[in-house]
Each structure stands twice: as structure tokens, then as C-alpha cells.
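Listed below, chain by chain, are the residues.
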Amino acid sequence: MEYFPKPSPYDNQREAMDIIRGALDTGRDVLFEGACGTGKTLAALAPALAHAREANKTVVITTNVHQQMRQFVREAREIHDAAPIRAVVFKGKGSMCHIDVDYEECQVLRDNTHEVVDAERDKRELEQRQQALLEESQAGDAEAAEAREAVLEELASVDADLEDLREGNICERYYENLAGDNDDFYQWLYDGVRTPEDIYQYAEDAGVCGYELLKDGIEGVDLAVCNYHHLLDPGIRAQFFRWLGRDPEDVVVVFDEAHNIEDAAREHATETLTENTLENALSELEEVDDARGAAAERVVAAFRDALEATYESSFGPGGDGPARVKAEVGANWEDVPVANDDRRDDLTLAFLQQYTGPGIKEDVDEALALGESLDEEYDEAYRNGETTTRRECFVLQAAEFVETYVEDGDELGQYPTAAVRRDEGTDEVYGRAELYTCIPRDVTTDLFDAVHASVLMSATLRPFDVTADVLGLDDPETMAFGLQFPEQRRRTFAVDTEPLFSSNREDPATQQEVSGALRDAVEFTPGNCLFFFPSYAEAKRYHDLLGEAPRASESSSGRRPRDGGVDAARYLDEPGTSAEELRQSFVADRNGVLFTSLWGTLAEGVSFDGDDARTVAVVGVPYPHLDERAEAVQNAYGRTFGDREETRSGGRHSSEDAGWRYAVEIPTVRKTRQAIGRVIRSPEDFGVRMLVDRRYTRASRTEMRKYSVNPTFPPEDRRELVDIDPEKLRFSMLNFYTDLDAYDGDPPSP
């Protein structure tokens, strides 16, 4: 409780803290699902910090959601005020650099600056030594005079070296770090919990490098806040732990929004190489006078030609790729599938056909050696001031990728693919090769095995066994807590509309039924409505349908029209527009309806508190676009986890079912649960949550069987779901909001 800054914890919070503390004391990982209001962050941080203090460890808490990062800072400050801790908030160099150089350039500048400062220190020491010897020799000490001559020779040598060093590239801000007194900075840093923006401004004013000061001063801190990148990238993780002065077994990791680790791990493991990089490598080789250049050129040119031939074959009638007509290729990357079930992928086969030489492995080894040699040359040239920027080595990048693509492309969990896009500046079409990682635990297992223990928390982690399988967690502690707010202040409806299968989304009768339910939601909600759809296209469809004028026959009959426009401002979220600006306009309205995609940026990590939104709906079961890449993930999951799924289900599910459940259905239901969690964010909140599709209903479990998603929801979520006919929705909403006295004036008439 020393690290719990509130007057007292909720009951569930107290229980969670006890479970987490017990798990950390025994080195076990924890999967912690808690709905909004559970107080997950403090429930994890308080026992983690207490354990870390007693066991001499550091707690690292991480998220990939900006809003949560800000929340961490607020709660770390509360803890600091109650029990002073040494806490730092860490971001990448790119967001904190004052001179805007990349990592390689920064490394050279640091090394050069160190050498200058070291040489200046040596010079000062030698000057002091020669002065002392001068005084001794003037007093008649012959040995001192002889020693002084040697010191003067060394001083002349250091002067010459220093002159050469000053001609090289250095960082003036880092020079001030090394040459100055930084006590005031560290006093300021640990007097509170400073954000990277705070540190940047301090450094800007003081003429120093805040990023390097932060790195140098974080050893042994109690708490570090960072983003996923610092933990999921193995190289960056190793550096980060070195800066903390900790071995991995001395670190406790807390992941927030942990349902996102799966996708983030794939992203970090995936490797790509563009045609532009290959062209740059070939241009680079033209400048090289080295016997290894011929081998490198054979490899790079053959791979470049193979990539071009592969995406070119997707154009025109009969092409297999998504871009049937070359002229229609846009600025976004479009996949050109190359994987085959019974042989190597088309790009590898094309490469083998294009390559002519003594042997691919031998030539790749020569290309790698040449690339490493060139990279060292570029580093030295920048270090010595011969160039003003640190040159990239494209030969090394190309050789490393080709080696990995050819050697690992047929491994389980690796999906080789290609893509094509158009450069908006030059209008040229060019390609990209990619090795996509399907199995996240190939990335995460090493992390979770190395650290002392981890706490993974989210509002949507269940089923826990699937999370543990996918991320490579061995026998974690698990716990789940539902919404702690009064149940009578919310209703969750499964609206029994026609299921929005892709085959009947165009059916006018289905559209009319769904539109009617959404109109009722808008009319009978005292405030804003938030509607999520499987895609931006579907969001636009219903945005337009709810804006149409009512039919004359119905509007003149005295009955409330079921297919007319809504009496509310309509906001449409579209790709390429600012979702945050749209959100701000929407929440300021108080009588609006926002249409967006569940796969957009507003479905999680964004709160719609209080009057910001009263009713939220997820329309249809928003499965993601199932392209070849998604099918590759399904296949890899099925092959990896199929036996476990069959065992758990008693043989009811096949490995194919496991692939679908692990890769598609469970992530989609998690997304759905995240979306309906955008409202009801405090005990004072109230509202309606709607799942608009027959597949959500309890009845669908027997009527629709394998198409029903109702069983995929956790038990307490299913308990709250009320099956409702769309024609009765308006009456239920009217009764609910009337009981809460939510209408401003007379309630609407049904």
C-alpha cells in the first residue's frame, strides 16, 4: 500500500494487487483482464514497485497507446507524491533529438565528441603536469627538467591529435553534456516525473542533449515508462536494459493494452526490402573497386530482376495480384501474393531462375562481407569529417535481406510476399519484397523467458489460454474482473437483425432493417451515438442511408417513418481525415451520430466519457479483410495450435477451426468488446451498448451454430447481453433512459 496513492483500493483492486504480488514473488507471469474502472494500472504498479524495492529490481511499464502513456505519467506522479520514486519516461531518440540525425550518425557524433573531450582532458592534465615540472626544474631539479621535455613532446602530440579531431563531426549539445556539470539536471529530473517533452524543453534552453543525459542517468531507477518498441525489438531491448543497469532477470515488465502485443510483435519481426534499395545497391556497386563486387552484383541484380518480374506478372488479364491494371496502382502498398502450397514462393523461384553464378550462398556471403566493409568505410569517413552525413550502405541492407528471405522463407510461421505501389513524386511503379512473421511468440517468447516476470493487462485478454499460446507464456497466473459500475446504469442489447454476411449486405431489406434499428437508437438516445462498422465503406453506406428523406407515404400517414433521415448531426470518419478533429467536433455537438470503422483509430484507446456518447453500437461482426496474408496467419496458427484446440474442445474443433478462432474470430470479438467499452467509463456514466447482428444473440448458439459469435464472449458479457427484436428496441431504450431521467424535457414518442 506504500505505492498506492489513493485513500483505499476497490475490493477487486485489492484482490488483484494480492494476486499480482504473489505471482511476482514466485517469478510467474500474470494475465490480467479488467474492465474500465478496475484500476488496472495502479493494481499492477503498486505490488510491482513493492516487489522491486525488496528484490532490487526495476519495473518497466509499456503501452502503444498515446492516451495510456499520458495516464501512466499522471499515475506515476501520484505515486511519486505519496512515496518518492525515481521514475523516467522514455521515448526514442527521433522524438528528442535537437539536430535531427539518424541513429548511425548520432553514434558517430557521440564517439567523435567523446574523443574530443577526452583529448581536451588529456591536454589539461599534461599542461598541469608540465607546469609543475617547470617549477621544480626552476628550483634546480635536473630530473624534473628532463621529465618536462617528455611531457612537452606528448603535449604537442595531443595538440595535433586534438586539431585533427576538431575537424571531424561532433555534436555541440553532447559536448556540453560531457564538458559541463549535470547535477542540476538530475536534481530536476528526479524531483518529479518528467515527460520527454519536458526534458526536450529543458535541454533546448540549456544547450545540452536531453536524450543522452536521460540515458546516462536512468541506471537503477525504480520505474521506467516506455513504448512497445523498447521491449519488442531485441536489439533495442538489450540496449535499454543496459541503460537501466539491469540484467533481464532484474526487470519486471507491465504491458498495458496487451491485446495489441500480437500485432505489434509481428510488425517488429517482419522484414522488407524495396526495389529502390536494390537499385541504390547496384549504383553503389558501380563505385566499388573490389573483387567481391561481382558476386554482390550477381545477387542484387538477380533479386531486383526477380522482384520486378514477379509484380509485373500480376498486371493485365489473368494476373494473380490485386492490381489488375498497372495504371491503377496507387500510392499505398498493394500485396502481390507469391506463396505456394507445394513449393517455394514465386519470388524465390524467379530469383533462382534469374541468378547465374557459382552459387547463391557463396555470392551472398561475399556480398555481406563487402557490405560490412563499405559500411565501416562510410562510418570512418563521417567520423573524420570527410562527409557531412553518415552514408547508408545499401549493399549490406540488400545482402542481409536476400540471405534471410532465401534461407527462412519456407519456415513455419514465415510468409513470403511482395507488394507494389506508385511513387507520387515520380509516378514510377516499384516493388517491395517482404518476409512477414505470422507467429508472434517467435518474437515474444525470448522476452518473457528472459525477464523476471511480466504483467499483461487489458480489458480484452480472454480467452487466456489462447493469449498464452500466441505469446509463448508458460503457465501464467490469470484473473478477470468485469465492470465495477452499477449494472442498472447500462443496457447491452444483441439486436436480432439479419446477419450482415458479405452475401446479403447489398440486400435492401437487410439494409432497411439495420437502418431502422440505428434510427431508433439515434432518436431514443438523449445525446450522442457512436456507431462502428466492419469497414469505412459500410460506415459511409449507413451514414448516407440515415441521411435520406422519409418516404412520403409514411411521413403523411402520421406514423414515425422507419426509413427517413435522423434528426441529428451526422459525422463520417473516413481514411485520410483527422480522427481527433472529428472526435472533438462530435463530442461538442451533444446531438450527433458518428459513423466509423471498427478497424480505425477510434475503436480503442479513446474515451467518450459522460455526455461525449450515450449509445454505442457495433453493426455486423466486423471480421477483418481476409486476404492471403490473413490466410497465412490462419494456416500458421492452425498448424501450430491445432492439436491444443482439439484437446481443449474434446475433438469438436479441427486445426482449421483453430486457425480461424485464433487468427480471426477471437481478435474480432476482442475488437468488438474494445469498441463497446468506449462508453460507461465511470460510476456516474450511463448508456446503451448495442451489437446489431443476429450472430451476437443467445439464440444464435443453437439456430446458427458455427456462425454464432456469442460463445466467444466471456461469461459475464454473455450474461448481460439481452436478445431483442429490432422493432422493440425503441421501447427498451425509452424505458431505460426514462428511468434514469435522462431526457431533457419530454421523452420522444415511440
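Model, not experiment: these values are computed from the prediction.

A. Molecular detail of the packing of helix α2 (residues 40–55) against helix α3 (residues 66–82). Between α2 and α3, the least distance of the axes is 11 Å, while the angle of their chain directions is 45°. With respect to their mutual orientation, α2 and α3 come out oblique. As for the relative orientation of α2 and α3, their crossing is right-handed in sense. Residues T41, L42, L45 and L49 of α2 pack against F72, E75 and I79 of α3. Taken together, the residues that form the contact of α2 with α3 break down as five nonpolar, one polar and one charged.

B. Structural view of the UniProt feature "domain: Helicase ATP-binding" (unreviewed entry) in the protein chain. As annotated by UniProt and renumbered to match this structure, "domain: Helicase ATP-binding" (unreviewed entry) occupies residues 1–307. Helix makes up 64% of residues 1–307 and strand 9%, and the two end C-alpha atoms of the span are 60 Å apart.

C. Summary view of the domain arrangement of the protein chain. Each assigned domain of the protein chain is listed with its residue range as follows: domain 1 (11–99 + 182–269 + 442–480), domain 2 (103–170), domain 3 (271–437) and domain 4 (487–547 + 576–740). If you average the C-alpha positions of domain 3 and of domain 4, the two centres end up 42 Å apart. Taken together, the two surfaces of domain 3 and domain 4 that pack against each other cover about 670 Å², and 60% of this comes from carbon and sulfur. In terms of surface lost to domain 4, no three residues of domain 3 exceed L412, Y415 and Y436, which account for 64% of the buried area on that side. Put simply, domain 3 and domain 4 have two salt bridges between them. A salt bridge links R629 to E434, with the nearest nitrogen and oxygen atoms 2.7 Å apart.

D. Main features of the pattern of salt bridges. Under the criterion given, the structure shown has 58 salt bridges. Between D159 and K123 there is a salt bridge whose closest N-O contact spans 3.0 Å. With D159 in helix α5 (residues 142–167) and K123 in helix α4 (residues 103–138), this pair connects stretches of sequence that are 36 residues apart. One salt bridge in this structure joins R266 and D263, with 2.8 Å as the shortest N-O distance. Linking R266 with D263, this pair stays in helix α12 (residues 261–269), spanning three residues, or about one helical turn. Owing to a relative accessible area of 6%, R266 belongs among the buried residues under this scheme. What emerges from the salt-bridge pattern is a single network uniting E104, D111, D375, D379, R383 and R390.

E. Main features of the sheet that holds strand β18 (residues 721–724). Spatial strand order, β14-β15-β13-β16-β17-β12-β18: seven strands in an open sheet with parallel pairing. Every interior strand has two partners, whereas the edge strands, β14 (569–572) and β18, have only one. Strand-to-strand twist of the sheet, defined as the mean angle between neighbouring strand axes without regard to direction, takes the value 20°. Judged from the four bridges that link them, strand β12 (residues 490–495) and β18 form a sheet pairing that is parallel. Bridge pairing in β18 links A494 to D723.

F. Representation of the nonpolar core within the structure. Of all hydrophobic cores here, the largest spans 57 residues; its most connected members are I218, F240, F255 and L456. When residues of this core are assigned to domains, at least three map to each of domain 1 (11–99 + 182–269 + 442–480) and domain 4 (487–547 + 576–740). Leave out the neighbours within four places in its chain, and F255 touches T62, Y228, L231, L232, I261, L447, F448, V455, L456 and M457. Residues L282, F351, I360 and L370 belong to the second largest nonpolar core, which totals 42 residues.

G. The arrangement of the sheet that holds strand β2 (residues 58–63) in detail. Spatially, seven strands are ordered β3-β4-β2-β5-β10-β1-β11 in an open sheet, and the strand pairing comes out parallel. This sheet does not close on itself; its edge strands, each paired only once, are β3 (87–89) and β11 (477–481). Each neighbouring strand pair of the sheet contributes to a mean axis angle of 15°, computed without reference to strand direction. Bridge count for β2 against strand β5 (residues 251–255) is five bridges, and the pairing is parallel. When the sheet's bridge partners are listed, V60 is paired in β5 with V253. Against the sheet, α2 contacts β1 (30–34), β2, β4 (223–227), β5 and β10 (453–458), and its axis sits at roughly 160° relative to β2.

H. Examining helix α9 (residues 210–217) more closely. α9 sits mainly inside the fold: seven of its eight residues count as buried. Along α9, the residues classified as buried are G210, Y211, E212, L213, L214, K215 and G217. The inward-facing, buried residues of α9 abut β3, α4, α6 (172–179), α7 (183–190), α8 (196–206) and α11 (234–244).

Calculation rules
Residues numbered from 1 in each chain as written. Predicted model: local features only at pLDDT ≥ 70, side-chain atom pairs only at ≥ 80, totals over all residues. Heavy atoms only, no water. Axes fitted to C-alpha atoms, helices over the stretch in contact; angles between N-to-C directions. Helix = DSSP H or I, 4+ residues; strand = E, 2+ residues; numbered from the N terminus. Parallel < 35°, antiparallel > 145°, perpendicular 65-115°, else oblique. Left-handed = near helix turned anticlockwise from the far one by under 90°. Contact = heavy atoms within 4.5 Å. Nonpolar A, V, L, I, M, F, W, Y, C, P; charged D, E, K, R; others polar. UniProt positions renumbered as here; feature names shortened; annotations may be inferred. Domains from an automatic or database assignment. Buried area = accessible area lost by both parts, 1.4 Å probe. Salt bridge = Lys/Arg side-chain N within 4 Å of Asp/Glu carboxyl O. Buried < 20%, exposed > 50% of the residue type's maximum accessible area, 1.4 Å probe, protein only. Pairing = 2+ DSSP bridges. Core = buried A, V, L, I, M, F, W, Y, C linked by side-chain atoms within 4.5 Å.

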